[in-house]
Amino acid sequence: MAEVKLYGSWSSPFSHRIEVALKLKGVEYEFISEDVHNKSPLLLKYNPVHKKIPVLVHNGKPICESLVILEYIDETWEEGPSLLPKDPYERAMVRFWAKLLDEKGLPAMLKACLRIGEEQEKAKEESTELLKFLEGTLSGNKFFGGDTIGMVDIVANFMSYWFIIWQELAGLQVLTKEKFPKLGEWMDEYLNSDIIKENLPPKDKLTEYFQARFEATAAANAAAAGGGGLPK
Amino acid sequence: MASEDVKLLGGWPSPYVMRPRIALNIKSVNYEFLEEKFGSKSDLLLKSNPVYKKIPVLIHGEKPICESLIIVEYVDEVWNSGHTILPSDPYDRAVARFWATYIDDKWFPGIRAISRADGEEAKKKAVEEVIAGLVLLEDAFIKCSKGKSFFGGDKIGYLDIALGCFLGWLRVTEKLGNFALLDESKTPNLFKWAEKFSSDDAVKDIMPQTDKLMEFAKVLMAKSKAS
């Protein structure tokens, strides 16, 4: 019997991605909740390089980095919906967008909400440019994955929920349905789909959590100590 | 599979461009190498990679594929010739992808940090960090290679390509700074591996010569000082 454990955190979009993938595949797993300010010895043992969640442990073997874990899940549990398409070119496109979302999208969007002044303006511009590219890829499909949720939808989870909360806390309107109608439709489809809808962290609890983090960051900014980051 | 029109947009000094070239060599795929002029971006590049505007870009038929490691996986999935580049076991693949991400996100930026470090103390710290990273990679090598010559086993694989492409720049950094990064006593396996990798058939003709790369690095440094 395969033993699957996920070391994660309720507030983390990275951790949430893995839960969604496992649930889509119908894989039973044990969720071990980590306090990112007080990491367990087991987490440090399983991810000595980055010391971060999420970590998937399958039959005692750890896999780290959410994009790596998602591909591992797709390759290991072949029954259930595919997270990546079969065609090599389409797979390359999925990997490209997933990487872009993580390397540029999420950091820019978080920065836009946490920084002030010129840094904020630059991050807002970068976010808007990326959102335009993403809007362009949706062209008539319900999801980035086509008719069903795929890896890009899962990786883009932070846009549909976390970023909406962050931009509200920061008083911004970078991602709106008016500016990005296709992304607006995608967000509705994504958030209302079965597995996603049942597994989102409660909005008020998440808002409260990030409000406290944003206030702490603003205080640090004021003390000219630089911004905070999202702990994974 | 019959090679359709395969083009690679790139530049000889770029370690990222080396990656798909090694992959294409492993698969014996004929391709047209379109060398971008340093300091400018061709219309084809801007059209093929509007998001990043960077090399390498593989253009297969009319379809562009961007990002070096994504191209390597694409090449591995499309062509059956030669040997497989990614490991066949999903866990081994996850380990290879993990370390490739580490190399790109943490380790290679550490090498660039050496040249940008201001003052002796900062330089020393930057060098120590790169060496510490190599010690981690030494350990990864022992686990992945399982006693064989490469991360990929008997033949060059994904992680060999991900790390090996940086050997040219690593050697330039060592020469310019007059210190050793890849140290035989600290990382004996990687030290041996570096030689084997550099002289592999799929690599040796496209690994830039250290002297030529050094000249290029000096031009780069002069340009950045002037601007």
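- An unreviewed UniProt entry lists chain B under the name Glutathione S-transferase, with Fraxinus pennsylvanica given as the organism.
- In the Function (unreviewed entry) part of its UniProt record, chain B is described as follows: "Is involved in the conjugation of reduced glutathione to a wide number of exogenous and endogenous hydrophobic electrophiles."
- Under Subcellular location (unreviewed entry), UniProt gives the following word-for-word description of chain B: "Cytoplasm, Cytosol".

- Under an unreviewed UniProt entry, chain A has the name Probable glutathione S-transferase and belongs to Fraxinus pennsylvanica.
- If you open the UniProt record of chain A and go to Catalytic activity (unreviewed entry), you find "RX + glutathione = an S-substituted glutathione + a halide anion + H(+)".
- Looking at the Sequence similarities (unreviewed entry) heading of the UniProt record, one finds this comment for chain A: "Belongs to the GST superfamily. HSP26 family."

1. Let's talk about the interface of chain A and chain B
How big an interface is tends to be stated in terms of accessible area lost as the parts join.
So, step 1. On the chain B side, the residues contacting the 25 residues of chain A number 25 residues.
So, step 2. The contact between chain A and chain B buries some 2,400 Å² in all, and 67% of this surface belongs to carbon and sulfur atoms.
So, step 3. In this assembly, chain A and chain B are joined by seven salt bridges.
So, step 4. Between Arg91 of chain A and Glu77 of chain B there is a salt bridge, and its shortest N-O distance comes to 3.0 Å.
So, step 5. Scanning the region where chain A abuts chain B turns up eight residue pairs in polar contact (both at pLDDT 80 or more).
So, step 6. Considering each element in turn, the side of chain A that touches chain B owes the most residues, 12 residues, to helix α4 (residues 88-114) of chain A.
So, step 7. Split by residue class, the side of chain A that touches chain B holds 14 nonpolar, two polar and nine charged.

2. Regarding a positive patch on the surface
So, step 1. Together, Lys104 of chain A together with Lys41, Lys53, Lys54, Arg112 and Arg116 of chain B line one region of the surface with positive charge.
So, step 2. Structurally, Lys104 of chain A is set in helix α4.

3. Overview of the layout of surface pockets
So, step 1. Its volume calculated, the second largest pocket comes out at about 860 Å³.
So, step 2. Val95, Ala96, Trp99, Lys143 and Cys144 of chain B are, among the 40 residues lining the second largest pocket, the residues nearest its centre.
So, step 3. Residue assignment for the lining of the second largest pocket shows that the elements contributing at least two residues are α2 (41-46) and β4 (61-64) of chain A together with α4 (90-116), α5 (120-145) and α6 (158-164) of chain B.
So, step 4. If one sorts the elements of the lining of the second largest pocket by residue count, α4 of chain B sits on top with seven residues.
So, step 5. Looking at side-chain class alone, the lining of the second largest pocket contains 22 nonpolar, eight polar and 10 charged residues.

4. Side note on α4 of chain B
All names here are of chain B.
So, step 1. Its 27 residues give α4 an end-to-end C-alpha distance of 38 Å, which sits within 8% of 39 Å, the value for a rise of 1.5 Å per residue.
So, step 2. Taken as a whole, α4 carries its principal kink of about 45° at Ile103.
So, step 3. The backbone nitrogen of Tyr91 lies 3.1 Å from a side-chain oxygen of the residue at the head of α4, namely Asp89.

5. Digging into the pattern of salt bridges
Where charged atoms from two side chains of opposite charge approach closely, those side chains can pair.
Residue and element names in this part refer to chain B.
So, step 1. All told, the structure shown has 26 salt bridges over all chains when counted by the stated rule.
So, step 2. In this structure, Lys27 and Asp76 form a salt bridge, with 3.0 Å as the shortest nitrogen-oxygen distance. Remark: Asp76 occurs in helix α3 (residues 68-78) and Lys27 occurs in the loop between α1 (15-26) and β2 (32-35); sequence separation between them is 49 residues. We note that Lys27, like Asp76, is buried.

6. A word on the sheet that holds strand β4 (residues 63-66) of chain B
Residue and element names in this part refer to chain B.
So, step 1. In spatial order, the strands read β2-β1-β3-β4; together these four strands make up an open sheet with mixed pairing. Bordering the open sheet on either side are β2 and β4, each of which pairs with just one other strand. Each adjacent strand pair in this sheet contributes to an overall mean axis angle of 20°, direction not counted.
So, step 2. Relative to β2, strand β1 (residues 6-10) is paired through four bridges, and the arrangement is parallel. Paired with Leu9 across the bridge in β2 is Leu34.
So, step 3. Along the sheet, α1 contacts β1, β2 and β3 (57-60); its crossing angle with β1, the most-contacted strand, is approximately 155°.

7. Topic: the packing of aromatic side chains
Residues and elements named next belong to chain A.
So, step 1. The final tally for this structure, using the stated rule, is 23 aromatic pairs over all chains.
So, step 2. The interplanar angle of 75° and the centroid separation of 5.6 Å between the aromatic rings of Tyr161 and Trp162 together place this pair among those described as edge-to-face.
So, step 3. According to the relative accessible area criterion, Tyr161 is buried, its value standing at 10%.
So, step 4. According to the relative accessible area criterion, Trp162 is buried, its value standing at 0%.

8. Observations regarding the domain arrangement of chain A
Residue and element names in this part refer to chain A.
So, step 1. Domain assignment breaks chain A into domain 1 (4-76) and domain 2 (88-222).
So, step 2. With centres defined by C-alpha atoms, the gap from domain 1 to domain 2 works out at 21 Å.
So, step 3. Opposite the 15 residues of domain 1 that make contact, domain 2 presents 21 residues.
So, step 4. Summing both partners gives a buried area of about 1,800 Å² for domain 1 against domain 2, and 68% of it is carried by carbon and sulfur.
So, step 5. Counting across the domain 1 and domain 2 interface gives two salt bridges.
So, step 6. Two residues, Arg95 and Glu71, come together in a salt bridge whose shortest N-O distance is 2.9 Å.
So, step 7. Inspection of the domain 1/domain 2 interface yields eight residue pairs in polar contact (both at pLDDT 80 or more).
So, step 8. Breaking the side of domain 1 that touches domain 2 down by element, the ones donating at least two residues are α1 (13-24) and α3 (66-76).
So, step 9. The element that contributes the greatest number of residues to the side of domain 1 that touches domain 2 is α1, accounting for eight residues.
So, step 10. Residue composition of the side of domain 1 that touches domain 2, by class: eight nonpolar, four polar and three charged.

9. Notes on the UniProt feature "domain: GST C-terminal" (unreviewed entry) in chain B
So, step 1. Using the residue numbers shown here, the UniProt feature "domain: GST C-terminal" (unreviewed entry) corresponds to residues 89-220 of chain B.
So, step 2. As annotated, residues 89-220 of chain B has a helix share of 70% and a strand share of 0%, and its two end C-alpha atoms lie 42 Å apart.

Analysis parameters
Residues numbered from 1 in each chain as written. Chains lettered and ligands numbered in written order. Predicted model: local features only at pLDDT ≥ 70, side-chain atom pairs only at ≥ 80, totals over all residues. Heavy atoms only, no water. UniProt positions renumbered as here; feature names shortened; annotations may be inferred. Contact = heavy atoms within 4.5 Å. Buried area = accessible area lost by both parts, 1.4 Å probe. Salt bridge = Lys/Arg side-chain N within 4 Å of Asp/Glu carboxyl O. Polar contact = N/O pair within 3.5 Å; in protein donor to acceptor, adjacent residues only side chain to side chain. Helix = DSSP H or I, 4+ residues; strand = E, 2+ residues; numbered from the N terminus. Nonpolar A, V, L, I, M, F, W, Y, C, P; charged D, E, K, R; others polar. Patch = residues over 30% accessible without salt bridge, like charges linked within 9 Å, V, L, I, M, F, W, Y side chains within 5 Å. Areas by Shrake-Rupley, 256 points an atom, 1.4 Å probe, with all protein chains shown as cover. Lys, Arg positive; Asp, Glu negative; His and termini not counted. Charge placed at Lys NZ, Arg CZ, Asp CG, Glu CD. 1 Å grid on protein atoms, 1.4 Å probe; cavity = no way out; pocket = protein on both sides within 12 Å on 5 of 7 lines; lining within 4 Å. Points joined across faces, edges and corners; volume = space filled by probe spheres on them. Expected span 1.5 Å × (residues − 1). Bend = angle between axes of the 7 residues up to and from the residue. Buried < 20%, exposed > 50% of the residue type's maximum accessible area, 1.4 Å probe, protein only. Pairing = 2+ DSSP bridges. Axes fitted to C-alpha atoms, helices over the stretch in contact; angles between N-to-C directions. Phe/Tyr/Trp six-rings, centres within 6.5 Å; stacked < 30°, edge-to-face > 60°. Domains from an automatic or database assignment.

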